[in-house]
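Spelled out from the first residue to the last, the chains are:
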Amino acid sequence: MRYLENYKTTFCEMKAFLLLWATQAFSGLGSAMTGYALVIWSYTKGGSALMTSLLMVCTYTPYVVCSIFAGALSDRWDKKRILLVCDSLAAATTVITLALLQKDMLQMWHLYLINAVNGLMNTVQQPASEIATTRLLPKKHYQRAGGLQYFSSSLNAILTPVLATAVLGLAGIRAVIAFDLLTFCAAFFALVFFIKIPEGEAGHEQKEKVTEAMAQGIAYLKKERGILHLMLFLAAINFISSVYEAGVPAMTLSRNGGSQRALGLFNMVVGCSSLAGSVLASLMKAPKSRVRVICDSMLFSMSFENFLLAFGRTPLVWYIGGFLGWITVPLMSANLDALMRLHIPEQIQGRVYAVRNSVQFFTIPAGYFLGGFLVDKVFEPVMAAQDAGSVLVRMFGGGKGSGAAFCFFVIAFAGVFVCLYFRHDRHIWGLERT
């Protein structure tokens, strides 16, 4: 009975957050299905890893460039209104995509522009969402909330390829986009009518100029070197992960045994792995050392997946690599989220998270572009020029897609080096003492 009472108390304390989390996750599923369908559409149209990776470059570039301004504004503006406006504008771009498809006028440059607008909306929405989560939850539930957020993203990763492939096969890409709009409506009305986000304490930050608020976020990171170095660590990891993400469709759609089904199953396995890790993260007690969990989780991830993708010749090996590579990521994410919330004062979280977005995520568009470029222009041509009995062919196989495998081999070493380097950073370890 005591456990049942504890669960009831926890639910009551987290009720508003859980409703926001569930409805936004449902909307995120629709958006992810549309994104997945458009990636397949674009790769089928051009057969280029670079062309496809540019979709993510366009998404993340405004996110990185404008984040520092968006966070300062999100600290000043009403959080609920920010979420509603950004969701509405993102839905409008989805309607435009559907209209262009209906008239058979959709081109790659349309998608680049639409992704840029969506990236800008995410830029403003993300720091507001972070603050809303902080205000809706007691501190003791921060790690559990981080685990639940990763749980929803993992579940979406499982469901996205399955549902998107099924709907694509049965009704086409227009039906996928229609489902996306349906999920948006559900999240929008839940936020309007059923969720109240508490106001923050009134203070001088409401009267500050945007430039002053930005400067405060930067000044905080200059003083808190541990938080800054942790962001730099994640920036390096994001760069390597973006190169990896650019190479996955090129390999799983092109190699012998590869297909849309193989790509879908790979993404589903990654989602199952992340789901298992997120359940573990949400149930675990706070570790004695969050820094150790963050560093060791990423070292484990980088040590397995890229090598198995590089040397694997069958989808089964790729799936094993994906599972091992993502099982520990939710543990890292939940502890990183808790560490940030516990150290950064709530009244400046928006502007600090915005600076974090610029620091931690500026490497993502660069990684996607470089990954697509390296696969198309460097590694694939190198592998195509090899003789059948060469060392590289024996290591990575032959044919289209072998260049992506070569790329995974290179970034595996880069990932291990980054993890080992930051694992010995004294400023990051200083967070344990504060």
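Below, the structure is looked at part by part.

1. Brief notes about helix α11 (residues 315-326)
- In this model, α11 (12 residues) spans 17 Å end to end at C-alpha, consistent with the 16 Å of a helix rising 1.5 Å per residue.
- Taken as a whole, α11 has its buried residues at P315, W318, Y319, G321, G322, G325 and W326. For α11, the arc enclosing every buried residue in end-on projection is 160°, short of the 170-degree limit, so these residues lie on one face.

2. Side note on a nonpolar patch on the surface
- On the surface, a nonpolar cluster with roughly 460 Å² of combined accessible area is contributed by L19, F189, F193 and F194.
- Considering each element in turn, the nonpolar patch owes the most residues, three residues, to helix α6 (residues 173-194).

3. Some thoughts on the packing of helix α8 (residues 225-252) against helix α16 (residues 402-423)
- Direction vectors running N to C along α8 and α16 enclose 170°, while the axes themselves pass 10 Å from each other. Between α8 and α16, the interaxial angle falls into the category roughly antiparallel. As for the relative orientation of α8 and α16, their crossing is left-handed in sense. Here H229, L232, F233, A236, I237, I240, V243, Y244, G247, V248 and M251 of α8 come into contact with α16, specifically with A404, A405, C407, F408, I411, A414, G415, V418, C419 and F422.
- Among the residues making up the contact of α8 with α16, the classes are represented as 18 nonpolar, three polar and no charged.

4. Description of the state of the cysteines
- Within the structure shown, the criterion is met by zero disulfides.
- Counting only cysteine sulfurs, C419 is the nearest neighbor of C295, a cysteine outside any disulfide, at a range of 7.7 Å.
- The class of C295 is buried, set by a relative accessible area of 1%.

5. Things to note about helix α14 (residues 363-384)
- Between its first and last C-alpha atoms α14 spans 29 Å; for 22 residues at 1.5 Å apiece the expected length is 32 Å, and the two agree.
- Of all the residues in α14, the buried ones are T363, I364, P365, G367, Y368, G371, G372, L374, V375, F379, E380 and M383.

6. A word on the packing of aromatic side chains
- Applying the stated criterion across every chain, the model contains 19 aromatic pairs.
- Look at F233 and F422: their rings are 5.4 Å apart centre to centre, the planes differ by 40°, and that puts the pair in the tilted class. Highlighted residues: F233 in helix α8 and F422 in helix α16, separated in sequence by 189 residues. Across this residue pair, the class does not change: F233 and F422 are buried.
- Here the aromatic rings of F396 and F406 are separated by 5.0 Å at their centres, their planes lie at 20°, and the arrangement is stacked. With F396 in helix α15 (residues 391-396) and F406 in helix α16, this residue pair connects regions lying 10 residues apart in the sequence.
- On the basis of relative accessible area, F406 is assigned to the buried category, the value being 15%.

7. Topic: the environment of P198
- Considering the arrangement of structural elements, one finds P198 in the loop between α6 and α7 (210-223).
- If we skip the residues at most four places from it in the chain, P198 touches R135 and L136.

8. Section: the pattern of salt bridges
- Evaluation of the coordinates by the stated rule reveals one salt bridge.
- Residue R423 is joined to D296 by a salt bridge in which the shortest nitrogen-to-oxygen separation is 2.7 Å. With a gap of 127 residues between them, R423 in helix α16 and D296 in helix α10 (residues 290-311) connect regions that are remote in the sequence.

Rules and cut-offs
Here the residue numbering is sequential within each chain, running from 1 through the sequence in written order. Per-residue local features are limited, in this predicted model, to residues with pLDDT of at least 70; the limit for side-chain atom pairs, both in listing and counting, is 80 or more; totals at the level of whole chains, interfaces and linings are taken over all residues. Computation of side-chain values covers all heavy atoms of the structure but excludes hydrogens and water. Starting at the N terminus, helices and strands are each numbered in turn, a helix being any DSSP run of H or I of at least four residues and a strand any DSSP run of E of at least two. By this rule the span expected of a helix is its residue count minus one, scaled by 1.5 Å. For each residue, the accessible area found with a 1.4 Å probe, counting protein chains only, is set against the maximum for its type, and the residue is called buried under 20%, exposed over 50%, and partly exposed in between. This arc corresponds to the set of directions leading from the helix axis out to the C-beta atoms. Patch criteria: residues need more than 30% relative accessible area and no salt bridge. Like-charged residues are merged within 9 Å; nonpolar side chains of Val, Leu, Ile, Met, Phe, Trp and Tyr are merged within 5 Å. For the accessible areas, the method is Shrake-Rupley and the probe is 1.4 Å, while residue cover comes only from the protein chains on display. One side-chain nitrogen of Lys or Arg within 4 Å of one carboxyl oxygen of Asp or Glu is enough to make a salt bridge. All axes here are fitted lines through C-alpha atoms, helices being fitted over the stretch that makes contact, and every angle between N-to-C directions spans 0 to 180 degrees. Throughout, the term roughly parallel applies to angles under 35 degrees, roughly antiparallel to angles over 145, roughly perpendicular to angles from 65 to 115, and oblique to all others. Rotating anticlockwise by less than a right angle from the far helix to the near helix defines a left-handed crossing, while the corresponding clockwise rotation defines a right-handed one. Here, two residues are considered to be in contact whenever any of their heavy atoms come within 4.5 Å of each other. Classification convention: Asp, Glu, Lys, Arg as charged; Ala, Val, Leu, Ile, Met, Phe, Trp, Tyr, Cys, Pro as nonpolar; all other residues, Gly among them, as polar. In this description, the term disulfide denotes a pair of cysteine sulfurs within 2.5 Å. Aromatic pairs are defined between Phe, Tyr and Trp rings, using the six-membered ring for Trp, whenever the two ring centres lie within 6.5 Å; interplanar angles under 30 degrees are classed as stacked, those over 60 as edge-to-face, and all others as tilted.

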